[in-house]
Amino acid sequence: MKIWVNGGLHDEETARVSVLDHGLTVGDGIFETVKAERGETFALTLHLERLTRSARGLGLPDPDLDEVRRACAAVLAANPMELGRLRITYTGGLSPLGSERGDAGPSLVVAVGETSRRADTTAVVTVPWTRNERGALTGLKTTSYGENVVALARAKEAGATEALFANTVGRLCEGTGSNVFVVLDGRIHTPPVSSGCLAGITRALAVEWTGAVEADLPFDVLETAEEVFLTSTLRDVQAVHRVDGRELAAAPGPVTAKAMRVFEERAAADRDPKLG
């Protein structure tokens with residue numbers, strides 16, 4: 001495995017960042033996960049635009065997107081695989097042991113790992129913890145993922161692959177690494193970004209391509225929705241067949257099945273789509 005670290009490719013055994021990197025010591029970093037099929041990325045431009053937004057939100061310098069593109073291309077060329085999870089990580093860099101950043105500049109790491117195609121349906125659970133829709137990191141894709149680790153472990157214990165959060169006012173928000181959509185009266189709905197959810201790339205494309213409606217939804221909508229599905233970089237559009245103890249009949253339902261088909265067709269036709 002070849003990994004890009006701060007300017008060049010390194011063998012997996014020698015790819016290193018300092019143990020004093022701010023991304024490690026205090027979670028001061030951002031990241032993007034990009035799907036790569038046979039070395040070709042999907043929606044890379046949209047992911048890099050969000051990387052820049054996250055950097056600005058965290059107060060990091062804008063990443064050099066030309067360098068990031070070179071790093072992605074080099075890593076994919078050095079690690080050929082059928083389906084890969086390309087991970088771009090950008091951190092505060094070498095810093096003192098505390099919240100204050102040092103002046104060494106940011107770190108950039110790009111790596112890829114082989115993955116497999118997701119199942120057409122999955123199970124999810126709800127968790128008692130909440131997303132803070134007014135927090136300093138709300139809407140940023142940061143490396144501060146501790147609460148997601150805890151929630152996802154809860155899901156795995158229950159035989160599910162994802163955990164869903166409400167926000168602090170009891171509205172449906174998102175999963176640990178996905179956005180959630182529900183079908184009500186035959187129409188697709190998803191929580192707005194103001195709910196505290198991440199502005200997912202796949203979410204935005206799914207909204208545009210399926211005509212989904214952004215709506216403020218109560219958390220218990222999961223108990224009555226006709227269909228539920230998730231979106232994320234590696235899930236694309238994935239139907240949900242169980243929410244906690246509730247089985248959803250014949251998942252994927254007709255609306256979700258159409259959304260899955262539309263997304264697959266549009267994604268195949270344009271590997272670097274734009275929004276709007």
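In the block above lies the structure referred to throughout.
Residues numbered from 1 in each chain as written. Predicted model: local features only at pLDDT ≥ 70, side-chain atom pairs only at ≥ 80, totals over all residues. Heavy atoms only, no water.

(A) Focus on the overall build of the protein. Scanning the protein for helices and strands turns up six helices and 15 strands. Against the compact-globule benchmark of 19 Å for 276 residues, the protein has a radius of gyration of 19 Å, which places it among compact chains. When its C-alpha atoms are laid out on the principal axes, the protein stretches across 55 × 40 × 35 Å. Looking at the protein as a whole, 49% of its 276 residues are labelled buried. (Helix = DSSP H or I, 4+ residues; strand = E, 2+ residues; numbered from the N terminus. Rg over C-alpha atoms; globule rule 2.2 N^0.38 Å. Buried < 20%, exposed > 50% of the residue type's maximum accessible area, 1.4 Å probe, protein only.)

(B) Spatial organisation of the state of the cysteines. Within the structure shown, the criterion is met by zero disulfides. Its sulfur unpaired, cysteine 173 is 5.4 Å from the next cysteine sulfur, which belongs to cysteine 197. (Disulfide = S-S within 2.5 Å.)

(C) Highlighting empty space enclosed by the protein. Counting across every chain of the model gives one cavity of 30 Å³ or more. Roughly 40 Å³ of internal volume is contained in the largest cavity. Along its surface, the largest cavity is lined by Lys35, Phe42, Ala43, His47, Ile201, Thr202, Thr233 and Asp236. (1 Å grid on protein atoms, 1.4 Å probe; cavity = no way out; pocket = protein on both sides within 12 Å on 5 of 7 lines; lining within 4 Å. Points joined across faces, edges and corners; volume = space filled by probe spheres on them.)

(D) Geometry of the sheet that holds strand β5 (residues 83-91). Across the sheet, six strands lie side by side as β2-β1-β6-β5-β3-β4; this open sheet has antiparallel pairing. If you trace the sheet from one side to the other, it starts and ends with β2 (8-11) and β4 (40-41), each paired once. Here β5 pairs with strand β6 (residues 107-114) via eight bridges, running antiparallel. Bridging from a neighbouring strand, glycine 84 pairs with glutamate 114 of β6. Helix α2 (residues 44-58) contacts β3 (29-37), β4 and β5 of the sheet and is inclined by roughly 175° relative to β3. Docked against the sheet, helix α3 (residues 65-78) engages β1 (2-5), β2, β3, β4, β5 and β6, running at close to 30° with respect to β6. (Pairing = 2+ DSSP bridges. Contact = heavy atoms within 4.5 Å. Axes fitted to C-alpha atoms, helices over the stretch in contact; angles between N-to-C directions.)

(E) The arrangement of the environment of threonine 14 in detail. Within the element layout of this structure, threonine 14 appears in the loop between β2 and α1 (22-25). Taking the relative accessible area as the measure of exposure, threonine 14 reaches 48% and is therefore partly exposed. The spacing of threonine 14 and isoleucine 3 is eleven residues in sequence and 9.1 Å in space, taken between C-alpha atoms.

(F) Inspection of the packing of α2 against α3 at higher detail. Orientation of α2 relative to α3, taken along the N-to-C sense of each, is 130°, at an axis distance of 11 Å. Classified by the angle their axes make, α2 and α3 are oblique. Once α2 is placed against α3, the crossing between them reads as right-handed. Across the interface between the two elements, Leu44, Thr45, Leu48, Leu51 and Thr52 from α2 touch Leu65, Val68, Arg69 and Cys72 from α3. (Parallel < 35°, antiparallel > 145°, perpendicular 65-115°, else oblique. Left-handed = near helix turned anticlockwise from the far one by under 90°.)

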